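Chain by chain, the residues:
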Amino acid sequence: MLYHPLHIRVIIAVICIDMKSNKSPRRQKSTPTNPSLRVGSSYSNSTRLRLSDRPLEAVCRAILPIGSAVGDVRANTEALKRYLTYQPSYIDMAVRFGAVTMNLSSRILTGRSLYDATPEERERVIASLTRTTLGSNAMEGLKALILLAAGAEMATSEIMEISRKASIERPDATLDVTPSIAWSNGRRFDVIVVGSGAGGAMAAMEMAEAGMNVAVIEEGRRWTVEEFRTIHPLDRFAGLYRDGGSTTALGQPPVVLPIGRAVGGTTVVNSGTCYKTPKDVLLHWRDDAGLTLADPDDFMSLLDRVWEIVKVGPVPLDVMGTNGRTIMKGAEKLNWSTGPLDRNAPGCGGTCQCAIGCPKNAKYGVHLNALPAACAAGARIISEARVSRLLIEGEQVVGVEATRTDGSVFRVFAPKVVIAAGTTETPLLLRRSGLGGHPMIGKNMAIHPAIGVAGRFEENITAWHGVLQSAYVDQLHEEHGILMEATSTPPGMGSMILPGFGHRLVAEMERADHLATLGGMVADLSVGRVIGRNRATLIYNLSRRDGKRLMEAVRGSAKVLLSAGATEILTGIPGQPPVHNDQELDDVISRSDPRTLHIAAFHPVGTVAAGSDPERFPVDPSGALRGLQGAWVADGSLMPTCPGVNPQITIMAMALAVAGNIIEQG
Ligand SMILES: Cc1cc2nc3c(=O)[nH]c(=O)nc-3n(C[C@H](O)[C@H](O)[C@H](O)COP(=O)(O)OP(=O)(O)OC[C@H]3O[C@@H](n4cnc5c(N)ncnc54)[C@H](O)[C@@H]3O)c2cc1C
């Protein structure tokens, strides 16, 4: 207890300082693009507050001490330091402050600094700090960062070898991309699309193919397949995601919510799983929200079109890998509905690297289909440019202002702007443009929260040899909104699911190749919100109903793994022991609080939702932003509710519908 109030206060102070910076536009930290920054490269941000690195090393030693599955502590510390250079300053400072306070706690508890403490003393310090929920959350946060950085470092040679051996399925697409630094001020277009992800790319393609002169402005940069084969996995991860992948929704419990930032948006890093919007969801959107574009009769044909464009097909069993096959076996034995997932990854070789850029170019994100089609029809892409605001004259949008990576500003003019910056960024752009007045802008956020459960098997599973997301179990979907998907992570980068700290954690890592992993997502109520103008602060408090459902997702996932022959289940519920049968599982679940769960989310939607009621919905049913002529929205933020399935295909189809309305309007 001694440690927590002070720790939390400082973190809050640091977050407040950072939020204050929301009031004035701040230069975006740019992703290093120099191709010489390859494996093992490092770069630092000299403006950062630099406390000594020694406490960091001590924390790495305490959380991940030496063991056969663990690399050198100093190398792990260096990897963590490198990863921190990609983080927003408040994360960097919070981690360093956490390290310093852990060292102080060690002095109080053991009379020695954490650095000089014995392994047993370090474990005592951790045990004392994890006694409260708050302390446990802080320690789990530190552990996640260390394991991600160290895991990527340790698995580098394996990842590189897999990448090198994998043949390239298709060359990089021909794109007309100009980095903003080389783009001149004042060019005119028929329409500007802000953001080149799932929604923006499809809208751009549709409008360019209809003969419109289209500019796409994207904050991220273009990545090549060669880079996905040669750059250090940690630099790929940190470079491909906003804030180095550390986006977290604040609340109880905090939720890790990574968001892509690249030409191609989050589709460059997503798992490639494809679902058509369930019909009951479309009917609900049409009838409750008055979202006419979701009328199943028309929308189904758009879904079919997207399905063709991104070449969706089932995961082949011989590529799937043991993880997916084990999950399917477990579900089949229970008589539960299961099968290979549909994915947009023709030629996938099961390299398990979707989340850090496919080294085969097999995963068919929009950078490989819709964007090249848009460019072939004349669209231009301006990369590494953050649109800071819409330019407005009277009630009419006339263009956008954007910031280059060197901080300079340029303008692009058009009488129509399609905003597709993603669920967490679109509300911010509207606020920066003076358009944040509607009370529902930034609210109504659903995230499709997810838990992960692991089962230990006698036999070797090596979950990362095969397709990252490979098989579904949808037995509990229709009735309870719970969708389970066999999901692994790139080699070395998934140890966060393992329980414990110190020697226990190392022991778990040494037998991680015997674990199969299954994730469960819950169709949630839309209770989150996005605040801020320049940096998104996400707030999300799990509702009681969704907490219960997540616990049911844990139960369902564990049952599948037990049925497949797992000898032990790591439920992922902090502080709870592994379970070995249904009875123990029920006991653990009945005494656990959902607010302690480790939750991640990958599907935020709903923050600028579309519908017929002007009071409830900032966007009208055609996709046009209310209160301004010429502005449209075409990304995940449009959805009135969580779609209950992985959302990329729905977002793409909605964007085609919005683009169709723009074209029709002339
Ligand atoms: C790790 C991970 C795995 C996932 N797996 C799946 C999956 O298997 N199946 C599935 O259906 N979904 C998956 N998703 C979710 C899916 O990829 C997203 O829902 C979808 O890409 C969102 O589309 P979007 O157009 O709303 O935003 P995005 O695709 O995120 O695109 C928004 C783009 O706008 C850019 N941008 C933001 N602000 C600005 C600005 N001010 N100026 C210029 N550009 C800006 C961003 O850099 C970004 O590139 C996954 C997500 C993650 C993070």
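Scoring rules and cut-offs
All residue numbers refer to positions counted from 1 along the written sequence of the respective chain. Under the rules for a predicted model, residues below a pLDDT of 70 receive no local features and side-chain atom pairs below 80 are neither given nor counted, while totals for whole chains, interfaces and linings still include all residues. For side-chain calculations, the full set of non-hydrogen atoms in the structure is used, while hydrogens and water are omitted. Runs of H or I in DSSP of at least four residues are treated as helices and runs of E of at least two as strands, each being numbered from the N terminus. Our radius of gyration is a C-alpha quantity, and the globule rule it is checked against amounts to 2.2 Å times the number of residues to the power 0.38. Accessibility here uses a 1.4 Å probe with only protein chains present; expressed as a share of the type maximum, an area under 20% marks a residue as buried, one over 50% as exposed, and anything in between as partly exposed. The contact criterion used throughout is that any non-hydrogen atoms of two residues lie within 4.5 Å. Only four residue types enter the charge count, namely Lys and Arg as positive and Asp and Glu as negative; His and the chain termini do not. The atom standing in for a charge is NZ when the residue is Lys, CZ when it is Arg, CG when it is Asp and CD when it is Glu. Each domain's extent is set by a domain assignment, obtained either automatically or from a database. Accessible-area loss on putting two parts together, using a 1.4 Å probe and summing over both, is the definition of buried area adopted here. Any carboxyl oxygen of Asp or Glu that lies within 4 Å of a side-chain nitrogen of Lys or Arg is treated as forming a salt bridge with it. Only heavy atoms are used to decide nearness, and a residue is near a molecule or strand if one of them lies within 4 Å of it. Distance and chemistry together define a polar contact, namely a pair of N or O atoms within 3.5 Å, with one atom able to donate a hydrogen and the other to accept it when in protein, and with adjacent residues in sequence counting only for side-chain atoms on both sides. The protein chains shown are the only cover counted for residues, whose accessible areas, like all others here, come from Shrake-Rupley with a 1.4 Å probe. Polar here means any residue other than Ala, Val, Leu, Ile, Met, Phe, Trp, Tyr, Cys and Pro, which are nonpolar, and Asp, Glu, Lys and Arg, which are charged; Gly is therefore polar. By nonpolar core we mean a set of buried residues, namely Ala, Val, Leu, Ile, Met, Phe, Trp, Tyr and Cys, connected to one another through side-chain atoms within 4.5 Å.

## Considerations on the overall build of the chain
Here is step 1: Along its length, the chain carries 21 helices and 23 strands.
Here is step 2: For a compact globule of 666 residues, the expected C-alpha radius of gyration is about 26 Å, and the chain comes in at 24 Å, within 12% of that figure.
Here is step 3: Taking the principal axes of the C-alpha coordinates as reference, the chain spans close to 70 × 60 × 50 Å.
Here is step 4: Relative to its full complement of 666 residues, the chain shows a buried share of 61%.
Here is step 5: A separation of at least 24 residues holds for 75% of the contacts in the chain among residues at least 6 apart in sequence.
Here is step 6: Here the chain contributes 68 positive and 66 negative side-chain charges, whose respective centroids are spaced 7 Å apart.

## Remarks on the domain arrangement of the chain
Here is step 1: Once the domains are mapped, the chain shows domain 1 (4-21 + 48-154), domain 2 (181-247 + 262-270 + 275-309 + 365-439 + 610-665) and domain 3 (311-352 + 450-523 + 541-600).
Here is step 2: Facing 11 residues of domain 1, the contacting portion of domain 2 comprises 11 residues.
Here is step 3: Contact between domain 1 and domain 2 buries roughly 910 Å² in total, counting both sides, with carbon and sulfur atoms accounting for 60%.
Here is step 4: By the criterion of area lost to domain 2, the three top residues of domain 1 are Arg-82, Tyr-83 and Tyr-86, representing 52% of everything that side buries.
Here is step 5: In this assembly, domain 1 and domain 2 are joined by one salt bridge.

## What about the site of the ligand?
Here is step 1: Near the ligand there are 39 residues, and of these Glu-218, Thr-266, Thr-273, Val-387 and Gln-648 occur at the shortest range.
Here is step 2: Contact distances for the ligand include 2.7 Å between an oxygen atom and a side-chain N or O atom of Glu-218.
Here is step 3: In isolation the ligand has 990 Å² of accessible area, and contact with the protein removes 96% of it.
Here is step 4: Of all elements in the fold, only helix 8 (198-209), strand 11 (386-393) and helix 21 (648-665) reach the threshold of two or more residues within the shell around the ligand.
Here is step 5: Per-class residue counts for the shell around the ligand are 14 nonpolar, 17 polar and eight charged.

## Some thoughts on the nonpolar core
Here is step 1: By size, the foremost hydrophobic cluster in this structure holds 92 residues, and its most contacted members are Met-207, Val-214 and Leu-390.
Here is step 2: The dominant element in this core, judged by the number of residues it contributes, is helix 21, at 11 residues.
Here is step 3: Ignoring any residue separated from it by four or fewer positions in sequence, one finds Met-207 in contact with Val-191, Val-193, Met-212, Val-214, Val-418, Ala-659, Ile-662 and Ile-663.
Here is step 4: Counting residues in hydrophobic clusters, the runner-up holds 58 residues, among them Met-320, Trp-336, Ala-471 and Leu-518.

## Topic: the environment of Phe-457
Here is step 1: Residue placement: Phe-457 occurs in the loop between strand 15 (450-456) and strand 16 (469-473).
Here is step 2: Its relative accessible area of 2% is what places Phe-457 among the buried residues.
Here is step 3: Look past the residues within four positions of Phe-457 in its chain and what remains in contact with it is Thr-326, His-514, Ala-516, Leu-561, Ala-564, Gly-565 and Ala-566.

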